[in-house]
Each structure stands twice: as structure tokens, then as C-alpha cells.
Protein chains: 2
Amino acid sequence: MTSLAEENYLKAIYKLQEKHGDIVSTSALAEMLEINAASVTDFIKKMAVKKLISYQKSKGVRLSEQGRQIALSIIRKHRLWEVWLVNKLNFKWDEVHEIAEQLEHVVSNELIEQLDEHLGYPKTDPHGDLIPDAKGRFAKNSSKPLLDHKVGDKTKFVGVAEHSNSFLQYLTKTISSWAMNCWWNPLRNSITVSR
Amino acid sequence: MTSLAEENYLKAIYKLQEKHGDIVSTSALAEMLEINAASVTDFIKKMAVKKLISYQKSKGVRLSEQGRQIALSIIRKHRLWEVWLVNKLNFKWDEVHEIAEQLEHVVSNELIEQLDEHLGYPKTDPHGDLIPDAKGRFAKNSSKPLLDHKVGDKTKFVGVAEHSNSFLQYLTKTISSWAMNCWWNPLRNSITVSR
DNA sequence: ATATATATTTAGGCTCACCTAAAATAATAT
DNA sequence: ATATTATTTTAGGTGAGCCTAAATATATAT
């Protein structure tokens, strides 16, 4: 059984691997989890023993296949719960993250599969992020950055790359007359769009 | 903030007070929570300091008003989640308890109020137990024990007093041609009914 | 009333997941 | 290449929530 702490570490490592490449440093993890780096070192040693990650002293960590599958199952749950909160309970897209962070740790395969069905097997969450299936597979993402479009192009917003509540609220306000969802890369300071 | 352990203790004390009167013994609590009595003694001392319960050495515990309110909010959440699982996700009434035990600890007032609305403000859970409102108040229960009825009486099952999965399954099978819900008192070995 | 049985508490210990401070290692600047 | 800075690890410690074994308090039987 994987603990709450382990699940949070696995999710954080997954996200950091996605963003900054294959290997994740102790300090990056510590910052994301808001946990002291010394504590992180401690914990990842234990996770390595359990084969959830591979770890070489002073050289950062990487998810094992087992760790990746668990991380994906947490992400799947998180995103399905977000869809539920928005589509069924009328929450706004900037109000769901904190609640989903709690719900994602509830353990029951039947629950999550029933929820998936109840929601009509959504492919993406309210921010446009893809929802992995029960086996951890993603559908293909056909969306393109806004920058790849020209002025006058007709297109459809499907999601954002920046998830902070403040940005989501900003977007809701400034483009409330547009579609609700769009891709935005804060590094490039760009809002982007798909077909 | 109340911890997971505290919430479980409060819920257990509430249930034992309901069944066996005002004061709850260390051993009764220990048995219900499947925790060693020595650990329970330890823990209730801390809860007393926090004014969640009143406690006199060797004389058992009783919920404070604050403790009672928290217990009721957990019970409210538990029962609302059970309604959701049965009515929206098609679970059977004998499949929902374990999942609701996890969901009841999710913290968000907005969530629980939205859920209540989503479900149409149900008064009872799938087993017929009353759902307290946000302030911890119960609606009046007009149901009567089956024993109070005579052979030939026309009536409506609304709930069970015994919640074990095995009994629920038994009932589902044996009276699947009747209504689904009924009151049953295992101490008196009786199934009972309301109008 | 005393002996026996049962319930409760005390004392000491454990694991988990965190912490700080100091030491060791790695990266960067001169 | 060496000094400085930043990162990572080690060592020692903490609180929460549990444990067992032993001591004490309470209830029951004779």
C-alpha cells in the first residue's frame, strides 16, 4: 500500500520529470512539496528501497515503471474529480484544485471507474489536461500552441498550461466573452489555441 | 483543525453514546476503533485538553458540544456520500460504507453543500438513517419498528438498524421482491417497518 | 469483607514523516 | 587551480498515533 506522502512524492516527481526532463533534483522536489531538502533525501531513500523510484546519491531521482503507474493513477483520479466538480457540482475551474488534491487519494478502483462512466468518459479535465485511462495511457493531444496560429485564424480553446488560480481567474475575467479554455505558456507569456 | 484520528474517535464516541447511553468506556471505544485500550486512554486525554470531550479518569468520556458538532458533520458527510454512491454511481447499499469512510474526511464546506444540492437535499441515506443538516439538526423520524405493526398492515420500508454488509446482502436477496429498505434490530432479531 | 476477575492507566518504546544544524559533495567564479 | 557558493546528505531530534507489559483501580463472586 502506498501512503499519502508517497503518493504526493510520486505525483511531484512525475510533474517535474515532465517539465524539466528525466531526472529530478532533491531541491526541486523539496520546493514543490514545500518540505525540507533533508527530509526529502530521507524519504527518497526509502522510496528507492521500495522500487518506486531509482536514486543515486547526490544525483537525483527518476520514477520506476511501478512508480510511474501509481503517479498516473493519482493524476487520473485528480482530473476525473475535477471534471466532476465542474460538470456536476458547478464549481469554477479555479476552485477545484484543492478539493481534488484531497479526493485523489481515496482508494477504490470501482469508485473511479464508476465515476469515469458517470462523467461520460471525459478525455480532458477542466483545464484541458489529458486524463490517462485506467492503464495509464493518454489519448493523443491534437492541440497546438496559440503562437502557432495567425491573426484571424478560427480555432477552439481547449486548455491552459498555467494552472494557478490567479491566472485562471484573470483569464475568466479578461476573456469571458471568448471560449473558456486555452493553452497559455507563462514562460513564453503566450496564450495558445487548438483546432 | 481536527485530524483524521480525532474525527474517527469523535464519530465512534457519538455512535456509542447513541446506543449505550451517555458515557462511553475506554474499552468500548477501543473495541469499536480496533485500537489498544492503552492507546485510547492516551488519546482521549489529549482530546479532553482540546475540549472535544469531557473525561474523568477511569470513568469514561462524553462528547462536548463542540465535539458533538464535529461528529455530526462527519456523519452528515458520510451519509451524503453514501447517497451519491448509490443514486449517482449505481453502487449497491452494501458496497458504499468503506468508500464513504474515506470520503467523509474530505474538508470543504462548499463541496458538501454543493453535493447536498446535487442530490436534491436527501433526508436519509441508503440505509434509512437520517442525514443531519449543516447545523447538525435531524429531521423528525416518523418510522416505527416492524414489531409495532400487525400482520396484514400495509407499510413502507425505510431503513435498517443493522448495517453489516452481510445482513444487507441477506436482506437484498431474501426480500428482493419486497421494498429494499427496512428497520431491523439484531438485538431483538426483528425486522421492522414504517408507514 | 476478601478474593478474583476485569477495566483502565502508566511507563517505556516504536514508526512515520517531518525538522534543524552541521558535514560533505558538487557547481561556479575568479 | 583554488576559492566561493549552492546543493545534498548525515546526524540527531520532534510529535502524532500507535504498541506491549506492568501497575492500579473498579466490579463481581464468594
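Here is a short report on the structure shown in this document. In this text the structure is predicted, and so the values were computed from the model without any measurement. (Residues numbered from 1 in each chain as written. Chains lettered and ligands numbered in written order. Predicted model: local features only at pLDDT ≥ 70, side-chain atom pairs only at ≥ 80, totals over all residues. Heavy atoms only, no water.)

A tally of helices and strands in chain A yields seven helices and four strands. Along chain A, helices and strands appear, N-terminal first, in the series α-α-α-β-β-α-α-α-α-β-β. Scored against the burial criterion, the 195 residues of chain A give a buried share of 44%. Within chain A, residue pairs in contact and separated by at least 24 positions form 60% of the contacts whose partners lie at least 6 positions apart. A total of about 11,000 Å² of accessible surface is found on chain A, and carbon and sulfur atoms cover 52% of it. (Helix = DSSP H or I, 4+ residues; strand = E, 2+ residues; numbered from the N terminus. Buried < 20%, exposed > 50% of the residue type's maximum accessible area, 1.4 Å probe, protein only. Contact = heavy atoms within 4.5 Å. Areas by Shrake-Rupley, 256 points an atom, 1.4 Å probe, with all protein chains shown as cover.)

This paragraph deals with the relation of the copies chain B and chain A. Relating one copy of the chain to the other takes a rotation about an axis and a shift parallel to that axis. When chain B is fitted to chain A, the residual RMSD is 0.0 Å, and the transformation amounts to a turn of 180 degrees plus an axial shift of 0.0 Å. The superposition of one copy onto the other is thereby described by a two-fold rotation axis. Taking C-alpha positions as reference, the residue of chain B nearest the rotation axis is B:L103, located at 3.7 Å. A symmetric contact is evident, with 100% of the interface residues of chain B recurring at the interface of chain A. (Least-squares fit on C-alpha atoms with pLDDT ≥ 70 in both.)

The next subject is helix α6 (residues 109–118) of chain B. Residue and element names in this part refer to chain B. Listed in full, the buried residues belonging to α6 are L111, I112, L115, D116 and H118. Taken around the axis of α6, the buried residues stretch over an arc of 160 degrees, which confines them to a single face. Exposed and facing more than 90 degrees away from the buried side of α6 are N109 and E110. One or two residues past the end of α6 sits G120, with phi positive at roughly 80 degrees. (Arc of directions from axis to C-beta.)

In the vicinity of DNA strand D lie 19 residues, with A:S27, A:K45, A:Y55, A:S58 and B:N36 positioned nearest. Within 4 Å of the protein, the contacting atoms of DNA strand D are drawn from sugar and phosphate to the extent of 76%. At 3.1 Å from a phosphate oxygen of DNA strand D is found a side-chain nitrogen or oxygen belonging to A:K57. Between DNA strand D and B:N36, the relevant distance is 2.7 Å, taken from a phosphate oxygen to a main-chain nitrogen or oxygen of the residue. For the surface near DNA strand D, the secondary structure elements donating two or more residues are α2 (26–33) and α3 (37–49) of chain A together with α1 (4–20) and α3 (37–49) of chain B. (Near = heavy atom within 4 Å. Polar contact = N/O pair within 3.5 Å; in protein donor to acceptor, adjacent residues only side chain to side chain.)

Let's shift gears to the protein's contact with DNA strand C. In the neighbourhood of DNA strand C, 19 residues make up the surrounding shell, with A:N36, B:S27, B:K45, B:Y55 and B:S58 lying closest. Among atoms of DNA strand C positioned within 4 Å of the protein, sugar and phosphate together represent 76%. Between DNA strand C and A:S3 there is a distance of 2.9 Å, counted from a phosphate oxygen to a side-chain nitrogen or oxygen. B:K45 is positioned with one of its side-chain polar atoms (N or O) 2.7 Å from a phosphate oxygen of DNA strand C. Within the residue set of the surface near DNA strand C, elements represented by two or more residues are α1 (4–20) and α3 of chain A together with α2 (26–33) and α3 of chain B. Tallied by class, residues from the surface near DNA strand C come to eight nonpolar, eight polar and three charged. (Nonpolar A, V, L, I, M, F, W, Y, C, P; charged D, E, K, R; others polar.)

Below, the discussion takes up the environment of A:E104. Residues and elements named next belong to chain A. Of note, E104 is situated in the loop between α5 (97–103) and α6 (109–118). Exposure remark for E104: the relative accessible area of 0% places this residue in the buried category. With 23 residues separating them in the primary sequence, E104 and W81 have C-alpha atoms 7.2 Å apart. For E104, the residues in contact, after removing those within four places along its chain, are N8, K11, I74, K77, H78 and W81. At 2.7 Å, the side chain of E104 and the side chain of H78 are in polar contact.

Glancing now at the interface of chain B and chain A. Contact with chain B, which involves 19 residues of that partner, is made by 19 residues of chain A. Carbon and sulfur atoms supply 71% of the area that chain B and chain A bury against each other, a total of about 1,500 Å² over both sides. Our count for the contact surface shared by chain B and chain A stands at zero salt bridges. When residues of the side of chain B that touches chain A are traced back to their parent elements, those giving at least two are α4 (65–87), α5 (97–103) and α6 of chain B. (Buried area = accessible area lost by both parts, 1.4 Å probe. Salt bridge = Lys/Arg side-chain N within 4 Å of Asp/Glu carboxyl O.)

With that out of the way, let us pick up the environment of B:P122. Residues and elements named next belong to chain B. Its location among the elements puts P122 in the loop between α6 and α7 (165–174). Exposure remark for P122: the relative accessible area of 19% places this residue in the buried category. Each C-alpha atom of the pair P122 and W84 lies 9.9 Å from the other, and the pair is 38 residues apart in sequence. Discounting chain neighbours no more than four positions away, the residues touching P122 are L80, V83, D116 and I131.

Here the focus is unusual backbone geometry. Despite not being glycine, B:N90 has its phi angle at roughly 65 degrees, a positive value. Locating B:N90 in the fold gives a position in the loop between α4 and α5.

Next up on the list: the packing of α1(A) against α3(A). Residues and elements named next belong to chain A. Closest axis-to-axis distance for the α1/α3 pair is 11 Å, and the angle between their directions is 95 degrees. On the basis of the axis angle, α1 is roughly perpendicular to α3. Taking contact as the criterion, the partners of A5, E6, Y9 and L10 in α1 are, on α3, S39, V40, F43, I44 and M47. Along the lines of polarity and charge, the residues of the contact of α1 with α3 split into seven nonpolar, one polar and one charged. (Axes fitted to C-alpha atoms, helices over the stretch in contact; angles between N-to-C directions. Parallel < 35°, antiparallel > 145°, perpendicular 65-115°, else oblique.)

As a further point, take the nonpolar core. Core analysis: the largest hydrophobic core is formed by 34 residues, its most contacted members being A:W81, A:W84, B:W81 and B:W84. Those elements that place two or more of their residues in this core are α4 (65–87), α5 and α6 of chain A together with α4, α5 and α6 of chain B. In this structure, A:W84 is in contact with A:L89, A:L115, A:H118, A:L119, B:W81, B:W84, B:L111, B:L115 and B:H118, ignoring residues within four places of it in sequence. (Core = buried A, V, L, I, M, F, W, Y, C linked by side-chain atoms within 4.5 Å.)

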